[in-house]
Amino acid sequence: MGKRRTNQEWQTLIAQSESSSLSMLAFCKLKEINPSTFYAKRQQFNKIATSQGFVKAEVIEKTTKYQATVATANMTLLVNDVELSIPQGTPAAYLAELIGALS
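Another aspect to go through is the packing of aromatic side chains. Under the defined criterion, the tally for this structure stands at two aromatic pairs. Ring plane angle 55° and centroid distance 6.0 Å describe the contact between Phe 27 and Phe 38, whose orientation is recorded as tilted. One end of the pair, Phe 27, is in helix 2 (residues 24–31); the other, Phe 38, is in helix 3 (residues 35–51), with eleven residues separating them in the sequence. The pair formed by Phe 27 and Phe 38 is uniform in burial state, with each residue classed as buried. Ring plane angle 75° and centroid distance 6.3 Å describe the contact between Phe 38 and Tyr 39, whose orientation is recorded as edge-to-face. For Tyr 39, a relative accessible area of 35% translates into the label partly exposed. A connected cluster of aromatic rings, assembled from ring pairs, spans Phe 27, Phe 38 and Tyr 39. Taking the ring centre of Trp 10 as reference, the NZ or CZ of Arg 5 above it sits at 5.5 Å.

The structure is reproduced here in structure tokens:
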């Protein structure tokens, strides 16, 4: 019969397995865990997390948002037959990046 573990120990093992470069089977063998038990516990904790409204999220792309603080008038930019209306006060670096992307 295998070792009895607390929920905290299972959560720690699951987190370790996710950050490990080992396959699940290799990880289970290293930690002397029955793979069926490991998969069942992992599924149990995933259901609990999902039912509590939490989901695992991962940042895929970092974006930058520019917002003009005072916009009294718009500038009109014409590039390659494309007309853009841009709020006054838009950072010059953003405009340069935009023009480069449209070129």
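Alright, that's what it looks like, and here's the rest.
Attention now moves to unusual backbone geometry. Excluding glycine, a negative phi dihedral is what most residues carry, and trans is how most peptide bonds are arranged. Non-glycine residue Glu 32 carries a positive phi angle of around 55°. Relative to the helices and strands, Glu 32 resides in the loop between helix 2 and helix 3. Judged by relative accessible area, which is 71%, Glu 32 ranks as exposed.

Turning our attention to the nonpolar core. Judged by nonpolar contacts, Trp 10, Leu 13, Ile 14, Phe 27, Cys 28, Ile 33, Phe 38 and Phe 45 together constitute the single largest core of eight residues. Elements supplying a minimum of two residues to this core: helix 1 (7–19), helix 2 and helix 3. At three residues, the largest contribution of residues to this core is made by helix 1. Filtering out sequence-adjacent residues up to four positions away, Phe 45 remains in contact with Asn 7, Trp 10, Gln 11 and Ile 14.

Here we take up the environment of Glu 9. Topologically, Glu 9 is positioned in helix 1. Judged by relative accessible area, Glu 9 falls into the partly exposed class, the value being 32%. When residues no more than four places from it in sequence are discounted, the contact partners of Glu 9 are Lys 3 and Arg 4.

What counts and what doesn't
- Residues numbered from 1 in each chain as written.
- Predicted model: local features only at pLDDT ≥ 70, side-chain atom pairs only at ≥ 80, totals over all residues.
- Heavy atoms only, no water.
- Phe/Tyr/Trp six-rings, centres within 6.5 Å; stacked < 30°, edge-to-face > 60°.
- Helix = DSSP H or I, 4+ residues; strand = E, 2+ residues; numbered from the N terminus.
- Buried < 20%, exposed > 50% of the residue type's maximum accessible area, 1.4 Å probe, protein only.
- Lys NZ or Arg CZ within 6 Å of the ring centre and 35° of its normal.
- Core = buried A, V, L, I, M, F, W, Y, C linked by side-chain atoms within 4.5 Å.
- Contact = heavy atoms within 4.5 Å.

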